[in-house]
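# Observations on the three-dimensional arrangement
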Amino acid sequence: MFDRFIIDAPCSGSGTWRRSPDAKYRLTPEKLQTIKNAQAEILNIAAAHLSKEGKIVYMTCSVLPEENEDRIEDFLEKHREFETVDMEKLWLSKFDTNYPGKDKRYLHCYPLATNTDGFFVCILQKK
């Protein structure tokens, strides 16, 4: 059993399309489904091997809800023993800058808003 899992999930890389615009033409519905299946499997493996009160840090370099919020919501439906960590509160406890997100459950970094690639981070904690 582990206290933490850091999942840098396989993803479409849509958060990097600003730098590699041709990559969006290589993503097919079938490839996206394969990615989503892998993400769900990795989350389930982490949940099965997480100690009581452990945490899963889930992140992608994607801006697609199918790989981010939807994955987390699906996971939470199946794993009622988990909840999301307040990302704004965590951010403000670690950094002396304003929280760049709008949703406390998820941290979204969008290229136009944060001058970064697109990223998604969510921390899941056992209740």
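Refer to the preceding data block for the structure.
All of the points below concern the structure found in this document.

## Observations regarding the pairing of strand E5 (residues 119-126)
Within E5, six of the eight residues are buried, which leaves the element mostly enclosed by the surrounding structure. Pairing of strand E3 (residues 82-84) with E5 involves three bridges; the strand directions are antiparallel. Looking across to E5, one finds that Thr84 is bridged to Leu124. In this sheet, E5 lies alongside strand E4 (residues 107-109) in antiparallel orientation, the contact comprising three bridges. From the neighbouring strand, Leu107 faces E5, where its bridge partner is Val121.

## A look at the side chain of Ser14
When you line up the elements, Ser14 lands in the loop between strand E1 (2-8) and helix H1 (29-48). Here Val63 takes part through its backbone nitrogen, which lies 2.8 Å from a polar atom of the side chain of Ser14. Setting aside residues no more than four positions away along its own chain, Ser14 makes contact with Cys61, Ser62, Val63, Leu64 and Glu67.

## Quick notes on unusual backbone geometry
In this structure, Glu53 takes a positive phi of about 65° despite not being glycine. Within the fold, Glu53 resides in strand E2 (residues 50-60). Residue class for Glu53 comes out exposed when judged on its relative accessible area of 51%. Phi angles above zero are rare outside glycine, and Asn115 is one such case at about 55°.

## Considering the environment of Arg71
Structurally, the position occupied by Arg71 is in helix H2 (residues 69-78). Residue classification places Arg71 among the buried positions, given a relative accessible area of 9%. Separated by 28 residues in the primary sequence, Arg71 and Leu43 have C-alpha atoms spaced 8.9 Å apart. Excluding residues within four positions of it along the chain, Arg71 makes contact with Lys36, Gln39, Ala40, Leu43, Tyr58, Pro65 and Glu66.

About the thresholds
Residues numbered from 1 in each chain as written. Predicted model: local features only at pLDDT ≥ 70, side-chain atom pairs only at ≥ 80, totals over all residues. Heavy atoms only, no water. Buried < 20%, exposed > 50% of the residue type's maximum accessible area, 1.4 Å probe, protein only. Helix = DSSP H or I, 4+ residues; strand = E, 2+ residues; numbered from the N terminus. Pairing = 2+ DSSP bridges. Polar contact = N/O pair within 3.5 Å; in protein donor to acceptor, adjacent residues only side chain to side chain. Contact = heavy atoms within 4.5 Å.

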